[in-house]
Amino acid sequence: MGYDEIMKLFLERGFLMPSCEIYSDALAGFWDYGPHGNTIKNRYVDLWRRELVRRDGMIEIDGTQVMSKKVFVASGHLESFVDPIVKCEKCNATHRADRLIQEATGQLVPERLPVEQLDQMVVENGLRCPSCKGLLGKARRFNLMFRVGVGAADDDSYLRPETCQSIFVDYPRLFKVMRLRLPIGVAQFGKSFRNEIAPRQGVMRLREFYQAEIEVFFNPERANDLGKYEEVKDQKINLDLDGNMLQGVKCSEAFEQKHVPNKIVAYYLALLHQFYEKAGLDMKKSRFRRLGGQEKAFYAEAAFDFEVETSIGWVELVACNYRTGYDLAAHSKVSGQDMAVLDGDKKVVPHVFELSMGIDRSIYCITEHTYAAEPERTVIRFKPHLAPVTVGILPLVNKDGIPETAKGIYNALKTRYDAFYDESGSIGRRYRRLDEIGCPACITIDYQTLQDNTVTLRDRDSMKQIRINKDQVELTLEKILRTEDVFKQ
Ligand SMILES: [Zn+2]
């Protein structure tokens, strides 16, 4: 299914809306979550907590979004988190210089090419402004961080471009007060900000977005000393090594054949695969793509992008970076603080393996992979634990005491489940509306309910209906949320 169809559904059914949309000066790259989108986001984060953070015994923090300038001096963002841009001298439009050249010539332009070389390429290829054909000015580096002036002194601070910097700067205290031992994962979910020059494609490239990041700290000399690796080493993943695709390779094979640098990396790639399977992605359309030298972030020794195939091509959902000791060493140098910790009786500066997940994109891709336009209806087959509404409660008719009975059931469920009561329109249309937002189960109350206390339970996926006693509703919903098939009889 296509991107435009999904975005239309998101807009029309209360998943997402452009921020400040009633104003003509609303800016691109900012989106609000509507009620259904917000519920999915919360449920997605719950799943991340359950299947990654708690499963692995990590700890979670919640850092500030405004951070001091020195953090980004140390991290390298002030210097290196830049895009090359050119401005049109006629219409003032700003363009990404590397993309402009790439689109015109078809040749790959590395982001970090010196600006003088970019200027030369603009001239050589006679490039003009794509919007008005005007002349282009000189290229310059544009920093993608949002600057914030703090207090009356307008002190330079920045909105964090990634959540992980809080984890690095909090690490020495966390290690001490939480009595941590290596290896240990520290997780954080929250907002990050990037001042993209040309945000495109709706939720794929946002200026304000949600990340869930995990930094795993470990002793580099003991990167293969990991007992829990045994639990997941047979997990099969798709590995793309410079265009050479290994389908369904076991994580243990990936490690033994040195496609991944150590057992820590192999273990977390397996965990991530299992997480996305539970989130409902079609894993046949997924791959871990190893990044080559030109593509890797400046701090990464090894990097894998977890990507999924969609109607708009392969989309990166998680950047898995082996950041070595880069971050802690850099913060140690600028802050003067000792970042080394004790492992046994030896002092080490831990290395870091990072899983940096984009939440907004993940939700889009899960929706696309589970969305189906069928002849009779549109249906999203969200996993029940992610669906924005868990159960619809529908009186068959609006008379003879049936709505009252239905409301009684709704009132009993509504504080424990995302339940939705709907009495308007034909029963068929009410089913369709709930199918369209991915609600896994509907309960219909009819004349028979008044006689024998049974209700109809309808399955979203098969449209099959069974009758259950109304005392069994809660138990059945629990089973549905655990993805047990309650409809096979
Ligand atoms: Zn122009």
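Residues numbered from 1 in each chain as written. Predicted model: local features only at pLDDT ≥ 70, side-chain atom pairs only at ≥ 80, totals over all residues.

A few points about the overall build of the protein chain
Inference 1: Helix and strand counts for the protein chain stand at 16 helices and 26 strands.
Inference 2: The C-alpha radius of gyration computed for the protein chain amounts to 26 Å, which stays within 12% of the reference 23 Å derived for 489 residues, consistent with globular compactness.
Inference 3: Principal axes of the C-alpha set define a box for the protein chain whose edges measure 80 × 65 × 55 Å.
Inference 4: Classification of the 489 residues of the protein chain by burial places 39% in the buried group. (Helix = DSSP H or I, 4+ residues; strand = E, 2+ residues; numbered from the N terminus. Rg over C-alpha atoms; globule rule 2.2 N^0.38 Å. Buried ≥ 20, exposed ≤ 12 C-beta atoms within 10 Å, placed from the backbone.)

Considering the nonpolar core
Inference 1: Counting 106 residues, the largest nonpolar core has Ala 266, Tyr 268, Leu 269, Leu 272 and Ile 443 as its most contacted members.
Inference 2: Of the residues forming this core, the biggest block, 12 residues, is contributed by helix α10 (residues 263–279).
Inference 3: Taken together, domain 1 (3–74 + 160–370) and domain 3 (378–481) each give at least three residues to this core, which thus spans both.
Inference 4: Leave out the neighbours within four places in its chain, and Leu 269 touches Ile 237, Cys 251, Val 260, Phe 288, Phe 304 and Cys 320. (Core = buried A, V, L, I, M, F, W, Y, C linked by C-beta atoms within 7 Å. Domains from an automatic or database assignment. Contact = placed C-beta atoms within 7 Å.)

Details of the domain arrangement of the protein chain
Inference 1: Split into domains, the protein chain comes out as domain 1 (3–74 + 160–370), domain 2 (82–143) and domain 3 (378–481).
Inference 2: In this structure, domain 1 and domain 2 have C-alpha centres spaced 31 Å apart.

A look at the sheet that holds strand β5 (residues 82–87)
Inference 1: Reading across the sheet, the 3 strands line up as β6-β5-β7 and stay open at both edges, with antiparallel pairing between neighbours. Each edge of the open sheet is held by one strand with a lone partner, namely β6 (94–96) and β7 (140–143). Taking each pair of neighbouring strands and ignoring which way they run, the sheet shows an average axis angle of 50°.
Inference 2: Here β5 pairs with β6 via 3 bridges, running antiparallel. From the neighbouring strand, Lys 87 faces β6, where its bridge partner is Thr 94.
Inference 3: Taken strand by strand, helix α5 (residues 97–105) contacts β5 and β6, and its axis lies near 65° from that of β6. (Pairing = 2+ DSSP bridges. Axes fitted to C-alpha atoms, helices over the stretch in contact; angles between N-to-C directions.)

Comments concerning helix α16 (residues 473–481)
Inference 1: Turning to α16, its buried residues number three or more, namely Val 473, Thr 476, Leu 477 and Ile 480. Here the buried residues of α16 occupy an arc of 100° about the axis, which is enough to place them on one side.
Inference 2: As for α16, its buried residues are in contact with β22 (391–395), α13 (402–413), β24 (441–445), β25 (454–459) and β26 (465–469).
Inference 3: A positive phi of about 60° marks Thr 483, the residue just after α16. (Arc of directions from axis to C-beta.)

Section: the pairing of β24
Inference 1: With 5 of 5 residues buried, β24 lies mostly within the body of the structure.
Inference 2: Covered by surrounding structure in β24 are Ala 441, Ile 443 and Ile 445 together with Cys 442 and Thr 444, the residues of both alternating faces.
Inference 3: As paired strands, β22 and β24 are joined by 5 bridges and run parallel to one another. In the strand pairing of β24, Leu 394 is matched with Thr 444.

Side note on helix α11 (residues 326–335)
Inference 1: When we look at burial in α11, the residues that qualify are Tyr 326, Asp 327, Leu 328 and His 331.
Inference 2: Its buried side turned inward, α11 meets α3 (69–75), α7 (164–177), β16 (313–324) and β19 (351–358).
Inference 3: Backbone geometry just downstream of α11 places Gly 336 in the positive-phi region, at approximately 75°.

Remarks on the sheet that holds strand β3 (residues 59–61)
Inference 1: The mixed open sheet is built from 9 strands, whose spatial order is β3-β10-β11-β19-β16-β15-β14-β12-β13. Only two strands of the sheet have a single neighbouring strand rather than two, namely β3 and β13 (244–250). On average, each strand axis in the sheet is tilted by 25° relative to the strand beside it, whichever way the strands run.
Inference 2: In terms of strand pairing, strand β11 (residues 208–218) meets β19 through 8 bridges, oriented antiparallel. If you follow Phe 218 over to β19, its bridge partner there is His 351.
Inference 3: Sitting on the sheet, helix α2 (residues 35–54) touches β3, β10 (184–193) and β11, and the angle it makes with β11 is about 5°.

A look at unusual backbone geometry
Inference 1: A cis amide bond, omega -5°, links Leu 182 with the succeeding residue Pro 183.
Inference 2: Relative to the elements of secondary structure, Pro 183 occurs in the loop between α7 and β10.
Inference 3: Of note, the phi angle at Lys 133 is positive, near 65°, even though the residue is not glycine.
Inference 4: Structurally, Lys 133 can be placed in the loop between α6 (115–124) and β7.

Notes on the pairing of β11
Inference 1: Burial runs high along β11: 10 of the 11 residues are buried.
Inference 2: The pairing of β10 with β11 spans 10 bridges and is antiparallel. By the bridge assignment for β11, Ile 184 is matched with Phe 217.

Side note on the packing of α2 against α10
Inference 1: Packing of α2 against α10 brings their axes to within 10 Å, and their N-to-C directions diverge by 140°. Classed by the angle they form, the pair α2 and α10 counts as oblique. Relative to α10, the crossing made by α2 is right-handed. Here α2 contributes Tyr 44, Leu 47, Glu 51 and Leu 52 to the contact with α10, which in turn contributes Leu 271, Gln 274, Phe 275, Lys 278 and Ala 279.
Inference 2: Here the residues of the contact of α2 with α10 are counted per class, giving 6 nonpolar, 1 polar and 2 charged. (Parallel < 35°, antiparallel > 145°, perpendicular 65-115°, else oblique. Left-handed = near helix turned anticlockwise from the far one by under 90°. Nonpolar A, V, L, I, M, F, W, Y, C, P; charged D, E, K, R; others polar.)

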